[in-house]
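Breakdown of the fold
Spelled out from the first residue to the last, the chains are:
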Amino acid sequence: MDDKAIFNYCRNLGCCVACCLRYLGIKNSNAYANPTSFATKFQAEETLNKAPEDAEKCTSTVIEDISDVLNESQSQEIKTEDKINIENTQENNINSTNTINESSNGVEVFGNGSSPPSKKLKLSTCISCLGVLQEFTWQESIDMVKEVLDKKGYACNTFACALSAPIATMLRERVITLQLTNEFPEYDQNSLTPLKEAWKWSFGTHLSRHIHKTLDSGAISPLLVTLNIDYDDDIQELEILKKVSPQLFEERSRQRRRFATEFTRRSVEQALETATLSSFRAAGDALCHVSSHAHCVSVICTHAPIYLCGRYIKLSRNLPQSPWVLDGKRVLPSSVQEIIFGPIAKFYNFSDVDCEGRLKFIAAGREDVDVRCLGDGRPFAIEITDPKRELTSEELNEACDIICTSGEVVVKKLVPINREDLALLKKGEETKSKTYEALCIKLTHSKHDDCPADSPITMSPTDLRLINGYKETNDVTMMISQKTPLRVLHRRPLLVRKREILEMSAVAVPEHPQLFRLSVRTSAGTYVKEWVHGELGRSTPSLGDVIGARVDLLALDVTAVHLQWPPDKQ
Amino acid sequence: MEYNILESIDLNEKSIYKSFTERYFSKRYILNVNGIKNNDIMLLFHSNRITLLCLAPSHFFFKRDDDYKLNFTIGKVDRLSNTVKGKGKKGGQMLTPNTAICKVEWSDDTSFEIPAGMKGFLVEINEQLVKNPKLLRESPNSDGFIAIMLSSISISDSMKKELLNHEEYLKIINSSCE
Ligand SMILES: [Zn+2]
């Protein structure tokens, strides 16, 4: 295959040097960082001697005239035969004026963009990338990126960049590829280097110098700079597809899509899959005409979320895990989540609104407002969206200190983790057992109590023995059935759940003979309070059933959440 | 011990000894339902609009010591086959204030009906009561409740406002005893 011929063919169509390299299938990133010098070997003798890339000349006035004719013919919906006539006329016109490039033959959809020495030395826009790969269009984009980065102030010293290019570039690429295939039968249709890739290598490398960050792949750098580049005639140009692929778009408009969303990347891709060069010719568009280059309309910079993890100890019986709001009013002034968010927000200068949108609290389950969480605490993680930097270990230690000053929540350690580790929290919530301590009260005499009905109710050694000796099998102390508790029944389905009491033991409270302390380990998802008091017989058997008396609980603490957290690094 | 559970609450605070129903429910009463003297029922409203149906302590049922059976088939409707699906509890039997939830049948073949007392639908009949009807007499305001019902927020709120509360109920009951 004659690379030189292909290069010059594309060049003559009106492609920029970088696009010519793309059609050659060049995937060497350095080639795009400096396309003109890389392209020297492909350039025809004449073009070599002429002005370099950045002085690309406008396509000839003749071509512009032809495009006007084509535009007109298109609007008049003339018949194919007529169009062929016009094309012939174009050919004649071009051949009569084209004295420089002999290799071009025949007007295709793009016209024959030879580059005769023109008096107008204005920079011409590439007919394929619409300027996306052309350095003279970049300054505006770079200024916009800098503005966003200055505002956000990311500390990250690498970045990845992503491009949202005008959809018209897809259409143009397809047409040029078809022309190349037509011209060079051995040309491989799949050789085109994607615009996004070439853009990363060319614009990205250039941008890197201006923002003083190293360009990296999106898989490596957490900082992603996305440029949305629009082309004014985008939708107008895509109209041709309605002629090329009428069924597809008729179908879409029947689905009552709005005009603006009619051409999506997907629908255009679909239409282009089956389009042929002759169908484009029949549709008769004049794509050689580029009124103005595509330009950057918005820049979005985001840093991948970072995750911190730890375990919280909750010392208060009057503190919910997340903000408790009822009918738009706060029921309690604070929450575990807000206490932990406090120092994090401080380090990032987050407002309350920022906290709501950018900090997410994820825990391995939750305890009720009036339940403390002691021992090593409950595993949790914080997701920080679009952080401008990572927190130092000194800051993480300081955060723990600040959390502890609340007097209600203790976090001993905060460490960064990976997103993948979060799954363990969820899994932990669903599978791991928990240990509780409950302060319980015996409310009636046990069936076995051999004493007058009006004598004081006390936890007898028999009661304690019954609890401590209770065992159904070696593995499970007690199998229980729990109906959805009444306190959550309004918002959850009514179900009966089988749960397990894995271990339990009770000790007397000498100074309060009616009370006893119970330690119990349960399977995940067990409603402990309901199991203790039996919830009007909806949780059976209950703790009370073990001693044949009514039992209630006065206080409950979680003493262990049996989950390895932070996760083992192995 | 650092965080001793015994020291974590005030054992002299009376409110911690409230029973399960006292902790979570507010009591409301409807007296002489259907014009029948002392056909008194008690509705326990949870703040989440779950409502329990119970007999009020002043119900004539408690004046008799005879044996009784509970019959949950009302006309053609079997209350025990009630099912609710999903979060929305779809499919529960519809109830109006006068709909009978169950019948108490005395050993002498006389009987009386216990009405729902409110508009809504049936979530659950107390299974323990079916197994052990004595609970109705022994623990009428706890394990011997009759049914769990659910109604709209507006009905639940307006009934809580309109019906007799515990103090008002006690006043009426005590004055009628004198
Ligand atoms: Zn280009």
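Residues numbered from 1 in each chain as written. Chains lettered and ligands numbered in written order. Predicted model: local features only at pLDDT ≥ 70, side-chain atom pairs only at ≥ 80, totals over all residues. Heavy atoms only, no water.

- Within an unreviewed UniProt entry, the label attached to chain B reads Protein Abitram, and the organism entered is Danaus chrysippus.

- You'll find chain A entered in an unreviewed UniProt entry as tRNA pseudouridine(55) synthase, with Danaus chrysippus given as the organism.

What to know about the coordination of the zinc ion
Residues and elements named next belong to chain A.
- Around the zinc ion, the protein supplies Cys 16 (SG), Cys 19 (SG), Cys 126 (SG) and Cys 129 (SG) as donor atoms, at distances of 2.2 to 2.3 Å.
- Sequence spacing of the donors to the zinc ion: C-x2-C-x106-C-x2-C. Exposure class is identical for Cys 16 and Cys 19. Each is buried. (Donors = N, O, S within 2.8 Å, 3.2 Å for Na, K, Ca; no water. Buried < 20%, exposed > 50% of the residue type's maximum accessible area, 1.4 Å probe, protein only.)

With respect to a nonpolar patch on the surface
All names here are of chain A.
- Taken together, the side chains of Trp 324, Leu 326 and Val 331 present a nonpolar region at the surface, about 270 Å² in accessible area.
- As for its position among the elements, Leu 326 is in strand 6 (residues 325-326).
- Of the residues examined, Leu 326 reaches a relative accessible area of 52% and is grouped as exposed. (Patch = residues over 30% accessible without salt bridge, like charges linked within 9 Å, V, L, I, M, F, W, Y side chains within 5 Å. Areas by Shrake-Rupley, 256 points an atom, 1.4 Å probe, with all protein chains shown as cover. Salt bridge = Lys/Arg side-chain N within 4 Å of Asp/Glu carboxyl O. Helix = DSSP H or I, 4+ residues; strand = E, 2+ residues; numbered from the N terminus.)

Quick notes on the confidence of the model for chain A
- With 83% of its residues at a pLDDT of 70 or more, chain A has an overall mean of 84.
- Taken together, the stretch residues 48-108 of chain A has pLDDT below 50 and engages in 95 contacts with residues farther than four places along the chain or on a different chain. (pLDDT = per-residue confidence, 0-100. Contact = heavy atoms within 4.5 Å.)

Here we look at the pattern of salt bridges
Residues and elements named next belong to chain A.
- Tallying each qualifying case throughout the model produces 29 salt bridges over all chains.
- A salt bridge links Lys 346 to Glu 398, with the shortest nitrogen-to-oxygen separation between them at 3.1 Å. One end of the pair, Lys 346, is in helix 17 (residues 336-348); the other, Glu 398, is in helix 19 (residues 393-404), and 52 residues separate them in sequence.
- What makes Lys 346 partly exposed here is its relative accessible area of 46%.
- The structure contains a network of salt bridges with shared partners spanning Asp 368, Asp 370, Arg 487, Lys 529 and Glu 530.

A look at the pairing of strand 11 (residues 147-150) of chain B
Residue and element names in this part refer to chain B.
- Neither face of strand 11 is open: one carries Ala 147 and Met 149, the other Ile 148 and Leu 150, and all of them are buried.
- With four bridges joining them, strand 3 (residues 50-55) and strand 11 adopt antiparallel strand pairing. Its bridge partner lying in strand 11, Ile 50 is registered against Leu 150.
- Across four bridges, the pairing between strand 10 (residues 120-125) and strand 11 is antiparallel. Each residue of the ladder has a partner; that of Phe 121, found in strand 11, is Leu 150. (Pairing = 2+ DSSP bridges.)

With respect to the pairing of strand 5 (residues 306-314) of chain A
All names here are of chain A.
- Among the nine residues in strand 5, nine count as buried, and that is most of the element.
- The alternating pattern of strand 5 places Ile 306, Leu 308, Gly 310, Tyr 312 and Lys 314 and Tyr 307, Cys 309, Arg 311 and Ile 313 on opposite faces, both of which are buried.
- Taken together, the eight bridges between strand 5 and strand 9 (residues 372-384) define a ladder with antiparallel strand orientation. Bridge pairing links Tyr 307 to Glu 383 in strand 9.
- Bridge count between strand 5 and strand 11 (residues 415-417): three bridges; the pairing is antiparallel. Bridge pairing links Tyr 307 to Ile 417 in strand 11.
- Across three bridges, strand 5 lies against strand 10 (residues 409-411) in antiparallel orientation.

Some points on the packing of aromatic side chains
- Counted under the stated rule, the structure contains 21 aromatic pairs over all chains.
- Residues A:Tyr312 and A:Phe380 carry aromatic rings whose centres are separated by 6.0 Å and whose planes lie at 50 degrees to one another, so their mutual orientation is tilted. One end of the pair, A:Tyr312, is in strand 5; the other, A:Phe380, is in strand 9, and 68 residues separate them in sequence.
- On the basis of an interplanar angle of 20 degrees and a centroid distance of 5.3 Å, the ring pair of A:Phe361 and A:Phe380 is categorised as stacked. With a gap of 19 residues between them, A:Phe361 in strand 8 (residues 359-363) and A:Phe380 in strand 9 connect regions that are remote in the sequence.
- Feature note: the residues B:Phe60, B:Phe61, B:Phe62, B:Tyr68, B:Trp106 and B:Phe112 constitute an aromatic cluster, connected by ring pairs. (Phe/Tyr/Trp six-rings, centres within 6.5 Å; stacked < 30°, edge-to-face > 60°.)

Structural notes on the interface of chain A and chain B
- Across the boundary between the two partners, chain A contributes 36 residues, which contact 33 residues of chain B.
- There are five salt bridges connecting chain A and chain B.
- Residues B:Asp143 and A:Arg550 are paired through a salt bridge, measuring 3.9 Å at the closest nitrogen-oxygen approach.
- Here chain A is connected to chain B by 13 residue pairs in polar contact (both at pLDDT 80 or more).
- Ranked by the residues each element gives to the side of chain A that touches chain B, the list is headed by strand 17 (residues 551-561) of chain A, at six residues.
- The residue makeup of the side of chain A that touches chain B, split by class, is 17 nonpolar, five polar and 14 charged. (Polar contact = N/O pair within 3.5 Å; in protein donor to acceptor, adjacent residues only side chain to side chain. Nonpolar A, V, L, I, M, F, W, Y, C, P; charged D, E, K, R; others polar.)

Some details on unusual backbone geometry
- Look at the link from A:Thr540 to A:Pro541: it is a cis peptide, with omega at -15 degrees.
- For A:Pro541, the location among the structural elements is in the loop between strand 16 (539-540) and helix 24 (543-547).
- In the segment running from A:Trp565 into A:Pro566, the intervening peptide bond is cis, with an omega of 0 degrees.
- Within the element layout of this structure, A:Pro566 appears in the segment after strand 17.
- Despite not being glycine, B:Asn38 has its phi angle at roughly 60 degrees, a positive value.
- Relative to the helices and strands, B:Asn38 is located in the loop between strand 1 (25-30) and strand 2 (41-46).
- Located in the positive-phi region is B:Lys89, a residue other than glycine, with phi close to 55 degrees.
- Within the fold, B:Lys89 resides in the loop between strand 6 (77-78) and strand 7 (94-95).
- Its relative accessible area of 2% is what places B:Lys89 among the buried residues.

Side note on the nonpolar core
- Membership of the largest hydrophobic core comes to 58 residues, with the highest contact counts inside it found for A:Cys15, A:Tyr23, A:Leu133, A:Leu180, A:Trp199 and A:Leu227.
- The biggest single contributor to this core is helix 10 (residues 195-211) of chain A, with seven residues.
- For A:Tyr23, the residues in contact, after removing those within four places along its chain, are A:Cys10, A:Cys15, A:Ser128, A:Arg172, A:Glu173, A:Ile176, A:Thr177, A:Leu180, A:Tyr187, A:Ser191 and A:Leu192.
- Of all hydrophobic cores here, the second largest spans 30 residues; its members include B:Ile30, B:Phe72, B:Val104 and B:Phe112. (Core = buried A, V, L, I, M, F, W, Y, C linked by side-chain atoms within 4.5 Å.)

Quick word on the sheet that holds strand 4 (residues 68-71) of chain B
Residue and element names in this part refer to chain B.
- Taking strand neighbours across the sheet as the criterion, the three strands line up as 4-8-9 in an open arrangement whose pairing is antiparallel. The open sheet terminates on both sides in strands that have one partner only, identified here as strand 4 and strand 9 (111-115). For this sheet, the mean inter-axis angle between neighbouring strands, taken without regard to orientation, is 25 degrees.
- Strand direction decides the pairing type here: strand 4 and strand 8 (residues 100-106), joined by four bridges, are antiparallel. Paired with Tyr 68 across the two strands is Trp 106, which belongs to strand 8. (Axes fitted to C-alpha atoms, helices over the stretch in contact; angles between N-to-C directions.)

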